[in-house]
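Fold and geometry: a report
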Amino acid sequence: MSFNLLKGKKGIIFGALDANSIAWKTAETIHAEGGTFVLTNAPIAMRMGQIDELAKKTGSKIIPADATSEEDLDNLVTQSMEILGGKIDFVLHAIGMSVNVRKGRAYTDEKYDFTTKGWDVSALSFHKVMQSLYKADAMQEWGSIVALTYMAAQRTFPDYNDMADNKAYLESVARSFGYFFGKEKKVRVNTISQSPTPTTAGQGVKGFDSFISYADKMSPLGNATAQDCADYTVTLFSDLTKKVTMQNLFHDGGFSNTGVSQEVIDRFSE
């Protein structure tokens with residue numbers, strides 16, 4: 001069921017890789033709610049995924065861009081406004097990567113060149129995206145920018161490795177840039193702290209299957225799915241949340257505020 005919540009709104013979606021990704025589900029939901037957008041991802045990620053299929057399904061254009069490149073981002077913003085016919089109403093930042101995780105290096109044995117690359121892609125890129133939008137005065141008043149994060153920014157999950165540090169930085173950027181974007185441009189900036197979700201990227205974390213089961217048992221409402229996150233993101237892109245900004249919004253079925261659940265107690269009482 002759609003409500004035309006985003007009718008007439010235009011945006012940019014970073015990070016749609018395949019049908020399992022939150023960005024992909026969000027793009028489909030935005031399309032159903034009347035929004036139009038440009039899809040973008042790094043050229044190497046585009047070769048790995050099926051973004052062409054999503055573009056065809058939603059009638060969208062694709063602009064390849066490396067989110068760590070200021071030149072690419074400036075070009076993305078300019079081209080997007082040309083394609084969409086004006087300023088931008090919403091932006092989804094749904095990208096993240098840890099080379100240390102990919103290479104199986106422990107948090108206590110990081111290769112710092114890997115750390116820097118992961119930080120640039122996962123966290124600093126959010127600042128770069130917003131800086132390009134800000135300098136180009138590309139955002140419509142009361143527009144909305146959302147990035148996806150995870151609760152490892154606040155609590156320790158050993159196998160999440162340096163991605164936890166990246167997410168903490170990402171959330172800080174949302175607050176800091178959110179102040180300036182709100183004060184000067186009336187634009188909202190928020191992060192969504194999502195349940196562990198079986199995306200292509202998420203499944204690369206060691207022990208992910210066991211953890212997603214644990215989180216589901218800990219959460220009173222169960223884990224939020226990728227589609228649940230897409231629906232929530234649409235509300236943040238809509239005019240119904242015009243005064244919500246600089247927030248880290250937990251979307252995790254109650255996991256973040258649950259000390260222990262009866263299911264977990266029962267499991268350890270066996």
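Just above, that's the structure.
Residues numbered from 1 in each chain as written. Predicted model: local features only at pLDDT ≥ 70, side-chain atom pairs only at ≥ 80, totals over all residues. Heavy atoms only, no water.

1. Some remarks on the overall build of the protein chain
Looking only at helices and strands, the protein chain features 10 helices and seven strands. Here the C-alpha atoms of the protein chain give a radius of gyration of 18 Å, agreeing with the 18 Å that 2.2 N^0.38 yields for 270 residues. Along the three orthogonal principal directions, the C-alpha set of the protein chain runs to about 60 × 45 × 40 Å. Per-residue burial over the protein chain gives 53% buried out of 270 residues. Looking at the protein chain alone, contacts between residues at least 24 apart form 76% of all its contacts between residues at least 6 apart. Per element, the accessible surface of the protein chain, about 13000 Å² overall, is 52% carbon and sulfur. Computing the positive centroid from 28 side-chain charges and the negative centroid from 32, the protein chain places the two 4 Å apart. (Helix = DSSP H or I, 4+ residues; strand = E, 2+ residues; numbered from the N terminus. Rg over C-alpha atoms; globule rule 2.2 N^0.38 Å. Buried < 20%, exposed > 50% of the residue type's maximum accessible area, 1.4 Å probe, protein only. Contact = heavy atoms within 4.5 Å. Areas by Shrake-Rupley, 256 points an atom, 1.4 Å probe, with all protein chains shown as cover. Lys, Arg positive; Asp, Glu negative; His and termini not counted. Charge placed at Lys NZ, Arg CZ, Asp CG, Glu CD.)

2. Focus: the sheet that holds strand β4 (residues 88–93)
The seven strands are arranged β3-β2-β1-β4-β5-β6-β7 in an open sheet whose pairing can be described as parallel. The open sheet terminates on both sides in strands that have one partner only, identified here as β3 (61–62) and β7 (248–251). Taken together, the six bridges between strand β5 (residues 139–149) and strand β6 (residues 188–194) define a ladder with parallel strand orientation. Paired with Ala 147 across the strands is Thr 191, a residue of β6. Strands in contact with helix α6 (residues 112–135) are β1 (10–14), β4, β5 and β6; relative to β4, the strand with the most contacts, it is inclined by about 170°. (Pairing = 2+ DSSP bridges. Axes fitted to C-alpha atoms, helices over the stretch in contact; angles between N-to-C directions.)

3. Some thoughts on a nonpolar patch on the surface
A surface patch of nonpolar side chains, about 280 Å² in accessible area, is lined by Tyr 179, Phe 180 and Met 246. Along the chain, Met 246 falls in the loop between α9 (226–237) and β7. Overall, Met 246 belongs to the partly exposed group, its relative accessible area being 31%. (Patch = residues over 30% accessible without salt bridge, like charges linked within 9 Å, V, L, I, M, F, W, Y side chains within 5 Å. Salt bridge = Lys/Arg side-chain N within 4 Å of Asp/Glu carboxyl O.)

4. Remarks on unusual backbone geometry
Phi is positive for Asn 4, close to 60°, though the residue is something other than glycine. Looking at the secondary structure, you find Asn 4 in the segment before β1. A relative accessible area of 45% means that Asn 4 is categorised as partly exposed. Positive phi, close to 60°, is recorded for Asn 161, a residue that is not glycine. Note that Asn 161 resides in the loop between β5 and α7 (163–185).

5. Observations regarding the pattern of salt bridges
Taken as a whole and assessed by the stated rule, the structure comprises seven salt bridges. A salt bridge links Lys 9 to Asp 239; the nearest nitrogen and oxygen atoms lie 3.1 Å apart. Of this pair, Lys 9 sits in the segment before β1 while Asp 239 sits in the loop between α9 and β7; the two residues are 230 residues apart in sequence, bridging distant segments of the chain. Across the pair Lys 111 and Asp 113 runs a salt bridge, and its minimum N-O distance is 3.7 Å. Judged by relative accessible area, Asp 113 falls into the exposed class, the value being 57%. Connected via shared salt-bridge partners are Lys 87, Asp 137 and Lys 185.

6. Quick look at the packing of helix α1 (residues 22–32) against α9
Relative to each other, α1 and α9 sit at 55°, their axes nearing to 8 Å. Taken together, the axes of α1 and α9 are oblique relative to one another. The handedness of the crossing between α1 and α9 comes out as right-handed. In this structure, α1 uses Ile 22, Lys 25, Thr 26, Thr 29 and Ile 30 to contact α9, whose residues at the interface are Ala 226, Gln 227, Cys 229, Ala 230, Asp 231, Thr 233, Val 234 and Phe 237. When its residues are assigned to classes, the contact of α1 with α9 shows seven nonpolar, four polar and two charged. (Parallel < 35°, antiparallel > 145°, perpendicular 65-115°, else oblique. Left-handed = near helix turned anticlockwise from the far one by under 90°. Nonpolar A, V, L, I, M, F, W, Y, C, P; charged D, E, K, R; others polar.)

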